[in-house]
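Descriptive analysis of the structure
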Amino acid sequence: MRYLTRSFLLGALRRRNEVEQFLGPVTLTGVEGIRWVSIWPCQEGYSVSVHDVQDLDDEHRRDLSVLPPLDPEGEDDSFPGRVIGHAQDPTEALELAERVTRASPDRWVNQGVAGEDYADFVLARRGQHPDGAAARG
C-alpha cells in the first residue's frame, strides 16, 4: 500500500519522519516542471516545503529530491524547496500543506515514495500503464 492512512500519516510525523506528496505538473516563467510538497520535522515542530523541479520525463528517476529546481534562485538557502510555513503539531502541518498546495488528504506517502507517483505520471502521459501495458482506448 503506497498511501498512508491518516493515522499512519500522523504517526509517521510524530515519530519525526518526513512525508511527501507528488502534486503534478507546474509551469514557472514558461518552463514546465513538476511540483511536490513535503512535511519534515524541525526544531520548532514541522516545516512545510513546496518543491518545483524539472520534469526529466524519466520514470526511472524516482528520487524527486535530486531533480534540478526550476528556479534555483527561489529555493530557500537553509531548507530544501521553498518553505511555505511552520507548525507546532503534525495535524496543523498537514492542514497547512493541504490548504496552501491543495494536496490531497489521501495521497500522502513516506519520504522517498512520491517518486512512484511521478513515475506513474510519466508513464500515463506516454499512454502506458504502470505495469508496462499500453493504454487502451
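See above for the structure.
Here, residues in each chain are numbered from 1, in the same order as that chain's written sequence. In view of the model being predicted, local features appear only for residues whose pLDDT reaches at least 70, and side-chain atom pairs are presented and counted only at 80 or more, with totals across whole chains, interfaces and linings using the full set of residues. Each side-chain value is worked out from all heavy atoms of the structure, with water and hydrogens disregarded.

1. Considering the nonpolar core
- Only buried residues count toward a nonpolar core, which is a set of Ala, Val, Leu, Ile, Met, Phe, Trp, Tyr and Cys residues joined through side-chain atoms within 4.5 Å. A simple rule labels every residue: compare its accessible area, found with a 1.4 Å probe on the protein chains alone, to the largest value its type can have, and call it buried under 20%, exposed over 50%, or partly exposed in between. Counting 18 residues, the largest nonpolar core has V19, V37, I39, V48, L94 and W108 as its most contacted members.
- Secondary structure is summarised from DSSP: a helix means a run of H or I of at least four residues, a strand means a run of E of at least two, and numbering begins at the N terminus for each. Put simply, the parts of the chain that give this core at least two residues each are α1 (6-14), β2 (31-42), β3 (45-54) and α2 (90-101).
- With sequence-adjacent residues up to four places away left out, V37 is seen in contact with V19, E20, Q21, L23, V48, S49, V50, H51, A97, T101, A103 and W108.
- Within the second largest apolar cluster, ten residues are counted, among which are V53, L67, V109 and V122. What makes two residues a contact is simply this: any of their non-hydrogen atoms within 4.5 Å.

2. As for the side chain of E20
- Summarising the element assignment, E20 is placed in strand β1 (residues 19-28).
- This count recognises Lys and Arg as positive and Asp and Glu as negative, with His and chain-terminal groups excluded. One side-chain nitrogen of Lys or Arg within 4 Å of one carboxyl oxygen of Asp or Glu is enough to make a salt bridge. There is no salt bridge for the buried E20, and the closest opposite charge comes from R2, which lies 10 Å off by N-O distance.
- Polar contacts here mean pairs of N or O atoms no more than 3.5 Å apart (in protein, one a potential hydrogen donor and the other a potential acceptor; neighbouring residues in sequence count only if both atoms are side-chain atoms). Within the structure, the side chain of E20 is placed 3.1 Å from the backbone nitrogen of V113, a separation counted as a polar contact.
- In this structure the side chain of E20 is engaged in a polar contact, spanning 3.0 Å, whose partner is the backbone nitrogen of A114.
- When neighbours within four sequence positions are excluded, E20 is seen to be in contact with W36, V37, S38, R107, W108, V109, N110, Q111, G112, V113 and A114.

3. Considering α2
- For α2, which comprises twelve residues, the first-to-last C-alpha distance of 16 Å matches the rise-based estimate of 16 Å (1.5 Å per residue) to within 8%.
- Within α2, the full set of buried residues consists of P90, A93, L94, L96, A97, E98 and T101.
- Buried positions along α2 lie against α1, β1, β2, β3 and β4 (82-87).
- Capping the start of α2, D89 holds a side-chain oxygen 2.8 Å from the backbone nitrogen of T91, two or three residues further along.
- Just downstream of α2, R102 is the residue with a positive phi angle, here 65°. By this rule, a helix spans an expected 1.5 Å times one less than how many residues it contains.

Remember that the coordinates give geometry; whether it matters functionally is a separate question.
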